Amino acid sequence: MPRRLVGEQLRFADGTTARIHRETRLGSGLAKDPCTWVVAFRLRRVRGPAHALFRRESLLNTPPFVGFPGFTSKLWLAHDEMNRYRGVYEWDGQRRAELYARSLWRVLALVSVPGSIRYIVVPGLHRDDMIANSLPAGKAEPDDTAWWHTAVST
């Protein structure tokens, strides 16, 4: 669990920000067949001090996804201004990332606000490259990528 990015704020093209509270990485964290995927969701009944409890408890969820074939790294983001949590992953292989994303969806559906779960799989892109290639802040995307695409202040 490297600490290099912990505490950094990510700004998204929809105008929200989220703090990185944990990073999980296997080996170098770099995939040979890179695929970035981002998930966002709002938890039911998690407000105020319960956010800190959720962030601590989420450490228990690490072993299941680290064991999935293709996992290389994950940035855990605290809730944003809309109470959405995000995970920004790097996976080795698009097919493997999509399989995991569908599996995670089923679990998240049990604890998330209905209709709040979103994810996108971006093949051929390392996680850190996605973060580095940010859009201008507040840029409205016609294909609705603003919720996951990182942004720079203008």
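Data block above holds the structure.
All values derive from a computational prediction rather than experimental measurement.

Draft legend 1. Seen up close, the overall build of the chain. The number of helices and strands found in the chain is 4 helices and 8 strands. Ordered by position from N to C terminus, the α and β elements of the chain give β-β-β-α-α-β-β-α-β-α-β-β. When burial is assessed residue by residue, the chain has 49% of its 154 residues classed as buried. Surface accessibility of the chain: about 8000 Å² in total, with carbon and sulfur atoms responsible for 56%.

Draft legend 2. Representation of the pairing of strand S4 (residues 71–77) within the structure. The element S4 is extensively covered by neighbouring structure, given that 7 of its 7 residues are classed as buried. The pairing of strand S2 (residues 17–25) with S4 spans 5 bridges and is classified as antiparallel. Its bridge partner lying in S4, Glu23 is registered against Leu75. One ladder, built from 6 bridges, connects S4 with strand S5 (residues 84–92); its direction is antiparallel.

Draft legend 3. Region of the structure containing unusual backbone geometry. Phi at Asn83 is positive, roughly 60°, even though this residue is not glycine. You can see Asn83 is positioned in the loop between S4 and S5.

Draft legend 4. Representation of the side chain of Ser116. Tracing the backbone shows Ser116 in the loop between helix H3 (94–111) and strand S6 (118–123). Taking the relative accessible area as the measure of exposure, Ser116 reaches 8% and is therefore buried.

Draft legend 5. Quick look at the environment of His79. If you trace the backbone, His79 turns up in the loop between S4 and S5. Take His79: its relative accessible area is 27%, and that puts it in the partly exposed class. It is 10.0 Å that separates the C-alpha atoms of His79 and His21, two residues lying 58 residues apart in sequence.

Draft legend 6. Summary view of the sheet that holds S2. Reading across the sheet, the 6 strands line up as S1-S2-S4-S5-S3-S6 and stay open at both edges, with antiparallel pairing between neighbours. A single partner strand is all that each edge strand has here, and the edge strands are strand S1 (9–11) and S6. Averaged over all pairs of adjacent strands, the angle between their axes in this sheet comes to 25°, without regard to strand direction. Pairing of S1 with S2, which is carried by 3 bridges, proceeds in the antiparallel orientation. By the bridge assignment for S2, Gln9 is matched with Arg19.

Draft legend 7. Highlighting the environment of Leu108. If you trace the backbone, Leu108 turns up in helix H3. Given a relative accessible area of 8%, Leu108 falls into the buried group. Between the C-alpha atom of Leu108 and that of Phe41, which follows or precedes it by 67 residues, the distance is 7.8 Å. Residues in contact with Leu108, not counting those within four places in the same chain, are Val39, Phe41 and Ile117.

Draft legend 8. Structural detail: a positive patch on the surface. On the surface, Arg95, Arg96, Arg102 and Arg106 cluster together into a patch of positive charge. Note on Arg96: relative accessible area 40%, which makes it partly exposed.

Draft legend 9. Local environment of the packing of aromatic side chains. Applying the stated criterion to the full structure yields 11 aromatic pairs. With 6.5 Å between their ring centres and 65° between their planes, Trp37 and Trp91 make a pair best called edge-to-face. Highlighted residues: Trp37 in strand S3 (residues 34–42) and Trp91 in strand S5, separated in sequence by 54 residues. By the burial criterion, Trp37 is buried, and Trp91 matches it. Three or more aromatic residues link up through ring pairs in this structure, and these residues are Trp37, Phe68, Phe71, Tyr89, Trp91, Tyr100, Trp105 and Tyr119. Over the face of the ring belonging to Trp76 we find Arg22, whose NZ or CZ atom lies 4.8 Å from the ring centre. If you follow Arg86 out to its NZ or CZ, it ends over the ring of Phe12, 3.7 Å from the centre.

What counts as what
Residues numbered from 1 in each chain as written. Predicted model: local features only at pLDDT ≥ 70, side-chain atom pairs only at ≥ 80, totals over all residues. Heavy atoms only, no water. Helix = DSSP H or I, 4+ residues; strand = E, 2+ residues; numbered from the N terminus. Buried < 20%, exposed > 50% of the residue type's maximum accessible area, 1.4 Å probe, protein only. Areas by Shrake-Rupley, 256 points an atom, 1.4 Å probe, with all protein chains shown as cover. Pairing = 2+ DSSP bridges. Axes fitted to C-alpha atoms, helices over the stretch in contact; angles between N-to-C directions. Contact = heavy atoms within 4.5 Å. Patch = residues over 30% accessible without salt bridge, like charges linked within 9 Å, V, L, I, M, F, W, Y side chains within 5 Å. Salt bridge = Lys/Arg side-chain N within 4 Å of Asp/Glu carboxyl O. Lys, Arg positive; Asp, Glu negative; His and termini not counted. Charge placed at Lys NZ, Arg CZ, Asp CG, Glu CD. Phe/Tyr/Trp six-rings, centres within 6.5 Å; stacked < 30°, edge-to-face > 60°. Lys NZ or Arg CZ within 6 Å of the ring centre and 35° of its normal.

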